[in-house]
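# Secondary and tertiary structure notes
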Amino acid sequence: MIIIDCPHCGPRNSTEFRHAGEAGHKRPVATTDPAEWRYYLYVHDNPMGWTRETWFHGSGCRKFFSAERNTVTNEFRWIAPFGQGPAHTEESGA
Amino acid sequence: MALGSSSASAKKPTSGRPARYSAFDIFKRGVTHEDWPRTFTQHDLKKSYDVVIIGAGVHGLACAYYLAKNHGITNVAVLDKAYMGGGGSGRNTAIIRSNYLTPEGVRFYDRSVKLYEGLAADLNYNVMFSQRGHLTLAHNDASMRTMAWRAEVNKLQGINSSVIDAEEVGKIVPYLDVSKNTRYPILGALYHPPGGIIRHDAVNWGYARGADHMGVEIHQQTEVLSIETKEGKVTGVNTSRGHISTNMVVSATAGWASTISDMVGVKMPLITHPLQAAVTEPVKVFLPAVIVSGSLHVYVSQTDRGELVFGASVDPYPSYSMRGSLEFTEGLATHILELIPSIGSLKLLRQWAGLCDMTPDYSPIMGFTPVEGFVVDVGWGTYGYKAGPVSGETMAQLVATGKTPELISAFSLDRFADGRLVGEKGAASVGH
């Protein structure tokens, strides 16, 4: 069980949240070619270690927020309202 | 490729040939108390190998075994950063089946079941393959339709698989609650008689022993730190125990596959999720088949020791953590008691997690990559153990001949760029 400290609601059980994907995984422009679309759809960084990502508090405030999490230990380095995290840190892949 | 030519087997003279196991041998050693010889040998790392396989799980070991057995390529190193069979190969729930959804998947996994059937004799190692039947329960009309679809695809490929009604399910497994007054009544099931369970450690050890016997070297606690390339070709591997020159690297690293592919700059369509499992205390044998319920997110089988082995869906967020969670056991207990109310007082002994490298279409990624000499056998998600022997056989053929075998041609990495996905999610045990 991991506890996630929602920036709007405070610490809650992880079952209330939904992982909404890697941060910075931007949709390409609509006129792009199929290969780039498929790359966007299918290919992921899948990092082992610190990563920036977006979570969604589905059973709480129903807001998206940003976080940096270690995928090996499930430890959160920081959690902030969407798009408001600290600037780029060296160890993070984002 | 002159892979078959060099064979430098550096066995220590004291280790000798591993004993052929037999009933007479067990009796003889029971009387004489003579020690069994080691089943495989420890080696020093050589400077160069024809083939380096990363990952000493069932896929890596089977690939090494079939490289030596079918193609005579024995100058092979199997590297593992931890111990043999310590990843998904030792953490799965050991269910074997071939009742998949796509024709490509059915043909592939059926070859695996055939190889598993002959594996104990082939390896001279008791892998305890018990084909006790596999039931995928349906609790609603949508599931019944998917079961009928799978049954028809299976029959077309010559697989013993059919849809049966709730009454027949109750006859096969009397302890299942097939009454109509439950929250999720059982409407029927996809019945697959050749499905069953196996002793996964024995498969790993059997392949390791067989491969070692033919001259393959298994290096445990040897982590790959980087892979060297020159002009788009693999030239060597840096490990925690030194440098190896090689022109062929096979990645069979399952949950850690992205970290290995990143070393050569090949991006993989993978997300690693933990998958948890649990086992109860042993009780008298009462469960004659493997039971799967997609709607209730649970599967259960009883081992030969009498323990019930449970699995469920993958954890809902990507992670490389192999810790268990309370949510998992709570959900598991709730769901399994819906199916088999009589086990309410059984105690869980332990729980664990393994890592699953999930692909977008739930089919594996096998074959060549844009980097010459770097081939992959990854993307197994929750299906890895079922495919151990056949992926070893086909990857060995691919490495030895330089051509993609017909059986795995649908599973290439470029299918994602071309949009030729092989959608196998409908055959997942539970809705992951």
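Everything numeric here is computed off the predicted structure, so don't read it as measured data.

This part is about the overall build of chain B. Secondary structure assignment for chain B yields 11 helices and 19 strands. For chain B, whose C-alpha radius of gyration is 22 Å, the value lies close to the compact-globule estimate of 22 Å for 432 residues. Among the 432 residues that make up chain B, the fraction classed as buried is 58%. In chain B, the proportion of contacts linking residues at least 24 apart, taken out of those at least 6 apart, comes to 76%. A total accessible area of about 17300 Å² is found for chain B, and carbon and sulfur atoms account for 53% of it. Charge-centre separation for chain B: the mean point of 39 positive side chains lies 4 Å from the mean point of 39 negative side chains.

Turning to the confidence of the model for chain A, a few remarks are in order. On average, residues of chain A score 89 in pLDDT, and 91% of them reach the 70 mark or higher. Ranking the elements of chain A by mean pLDDT puts helix α1 (residues 34-42) of chain A last with 90 and strand β5 (residues 64-70) of chain A first with 96.

At the interface, 21 residues of chain A touch 27 residues of chain B. Carbon and sulfur atoms make up 56% of the area that chain A and chain B hide from each other, which totals about 1900 Å². Inspection of the chain A/chain B interface yields one salt bridge. B:Lys267 is the salt-bridge partner of A:Asp45, the closest N and O atoms lying 2.7 Å from each other. Per-element accounting of the side of chain A that touches chain B gives the leading share, four residues, to α1(A). Broken down by class, the residue content of the side of chain A that touches chain B amounts to 10 nonpolar, eight polar and three charged.

Residue and element names in this part refer to chain B. Read across the open sheet, the three strands follow the order β9-β10-β11; overall the sheet is antiparallel. Across the chains shown, the open sheet's two edge strands, defined by having one partner strand only, are β9 (224-230) and β11 (242-245). Neighbour-to-neighbour, the strand axes of the sheet open up by a mean angle of 25 degrees, direction not taken into account. Looking at chain direction, β9 and strand β10 (residues 233-239) are connected through six bridges and run antiparallel. Bridging across to β10, Ile 227 finds its partner in Val 237.

Turning our eyes to something else, we now look at empty space enclosed by the protein. Residues and elements named next belong to chain B. Scanning the entire structure with this criterion turns up three cavities of 30 Å³ or more. Approximately 50 Å³ is the volume attributed to the second largest cavity. What lines the second largest cavity is Met 358, Thr 359, Tyr 362, Gly 379, Trp 380, Gly 381, Thr 382 and Tyr 383. A per-class count over the lining of the second largest cavity returns four nonpolar, four polar and no charged.

Now for the pattern of salt bridges. Residue and element names in this part refer to chain B. Going through the model one piece at a time under the given rule, you end up with 18 salt bridges over all chains. Among the salt bridges present, the one from Asp 304 reaches Arg 132, with a minimum N-O distance of 3.3 Å. Here Asp 304, found in the loop between β15 (298-302) and β16 (308-314), pairs with Arg 132, found in the loop between α4 (119-123) and β4 (134-138); they are 172 residues apart in sequence, far enough to count as distant. Between Glu 152 and Lys 155 there is a salt bridge whose closest N-O contact spans 3.5 Å. Taken together, the residues Glu 152 and Lys 155, both in helix α5 (residues 141-156) and three residues apart, mark about one turn of the helix. On the accessibility criterion, Glu 152 (47% relative accessible area) is partly exposed. Owing to a relative accessible area of 43%, Lys 155 belongs among the partly exposed residues under this scheme.

Ranked by size, the top nonpolar core spans 71 residues in total, and within it B:Val51, B:Ile53, B:Leu67, B:Phe108, B:Ile198, B:Val203 and B:Tyr207 carry the most contacts. In this structure, B:Tyr49, B:Val266, B:Met268 and B:Ile365 belong to the second largest nonpolar core, which totals 26 residues.

With that settled, consider the packing of helix α2 (residues 58-71) of chain B against helix α7 (residues 200-213) of chain B. All names here are of chain B. Here α2 crosses α7 at 30 degrees, and the two axes come no closer than 8 Å. In terms of their interaxial angle, α2 and α7 are classed as roughly parallel. For the pair α2 and α7, the crossing hand works out as left-handed. Residues Val 58, Leu 61, Ala 62, Ala 64, Tyr 65 and Tyr 66 of α2 form the contact with α7, whose participating residues are Val 203, Asn 204, Tyr 207, Ala 208, Gly 210 and Ala 211. Grouping the constituent residues of the contact of α2 with α7 by class yields 10 nonpolar, two polar and no charged.

Residue and element names in this part refer to chain B. Residues Val 76 and Val 78 of strand β2 (residues 76-79) are buried on one face, and the alternating residues Ala 77 and Leu 79, pointing to the opposite face, are buried as well. Sheet analysis places strand β1 (residues 51-54) next to β2, joined by four bridges and oriented parallel. By the bridge assignment for β2, Ile 53 is matched with Val 78. Considered for its hand, the β-α-β crossover made up of β1, α2 and β2 is right-handed.

Let us now look at the side chain of B:Thr93. Residues and elements named next belong to chain B. Mapped onto the fold, Thr 93 is located in the loop between β2 and β3 (95-96). Among the residues examined, Thr 93 registers a relative accessible area of 13% and is labelled buried. Residues contacting Thr 93, with those up to four places away along its chain left out, are Ile 197, Ala 277, Tyr 299, Val 309, Phe 310 and Gly 311.

Let us look at the sheet that holds β1(B). Note on sheets: strands pair through backbone hydrogen bonds, and any given pair is parallel or antiparallel. Residues and elements named next belong to chain B. Spatially, the six strands line up as an open sheet ordered β8-β2-β1-β12-β19-β18, and their pairing is mixed. Where the open sheet ends on each side, the last strands, each with one partner, are β8 (217-219) and β18 (365-368). For this sheet, the mean inter-axis angle between neighbouring strands, taken without regard to orientation, is 20 degrees. Note that β2 and β8 share three bridges and pair parallel. Directly across from Val 78, in β8, lies its bridge partner Ile 218.

All names here are of chain B. Running from amino to carboxyl end, helix α3 (residues 103-117) crosses helix α10 (residues 388-401) at an angle of 105 degrees, the nearest separation of the two axes being 7 Å. Overall, the two elements α3 and α10 adopt an arrangement that is roughly perpendicular. Packed against α3, whose contacting residues are Phe 108, Arg 111, Ser 112, Leu 115 and Tyr 116, the element α10 presents Gly 388, Pro 389, Val 390, Ser 391, Glu 393 and Thr 394 at the interface.

All names here are of chain B. Per the stated rule, a full pass over the model turns up 20 aromatic pairs over all chains. On the numbers, 3.9 Å between centres and 10 degrees between planes, the contact of Tyr 100 with Tyr 109 is stacked. Tyr 109 gets classed as buried once you look at its relative accessible area, which sits at 1%. A ring pair is formed by Phe 108 and Trp 380, whose centres lie 6.0 Å apart and whose planes are at 15 degrees; its orientation type is stacked. One end of the pair, Phe 108, is in helix α3; the other, Trp 380, is in the loop between β19 (374-378) and α10, with 272 residues separating them in the sequence.

Reading the values: the criteria
Residues numbered from 1 in each chain as written. Chains lettered and ligands numbered in written order. Predicted model: local features only at pLDDT ≥ 70, side-chain atom pairs only at ≥ 80, totals over all residues. Heavy atoms only, no water. Helix = DSSP H or I, 4+ residues; strand = E, 2+ residues; numbered from the N terminus. Rg over C-alpha atoms; globule rule 2.2 N^0.38 Å. Buried < 20%, exposed > 50% of the residue type's maximum accessible area, 1.4 Å probe, protein only. Contact = heavy atoms within 4.5 Å. Areas by Shrake-Rupley, 256 points an atom, 1.4 Å probe, with all protein chains shown as cover. Lys, Arg positive; Asp, Glu negative; His and termini not counted. Charge placed at Lys NZ, Arg CZ, Asp CG, Glu CD. pLDDT = per-residue confidence, 0-100. Buried area = accessible area lost by both parts, 1.4 Å probe. Salt bridge = Lys/Arg side-chain N within 4 Å of Asp/Glu carboxyl O. Nonpolar A, V, L, I, M, F, W, Y, C, P; charged D, E, K, R; others polar. Pairing = 2+ DSSP bridges. Axes fitted to C-alpha atoms, helices over the stretch in contact; angles between N-to-C directions. 1 Å grid on protein atoms, 1.4 Å probe; cavity = no way out; pocket = protein on both sides within 12 Å on 5 of 7 lines; lining within 4 Å. Points joined across faces, edges and corners; volume = space filled by probe spheres on them. Core = buried A, V, L, I, M, F, W, Y, C linked by side-chain atoms within 4.5 Å. Parallel < 35°, antiparallel > 145°, perpendicular 65-115°, else oblique. Left-handed = near helix turned anticlockwise from the far one by under 90°. Right-handed = clockwise from strand over helix to strand, strands pointing away. Phe/Tyr/Trp six-rings, centres within 6.5 Å; stacked < 30°, edge-to-face > 60°.

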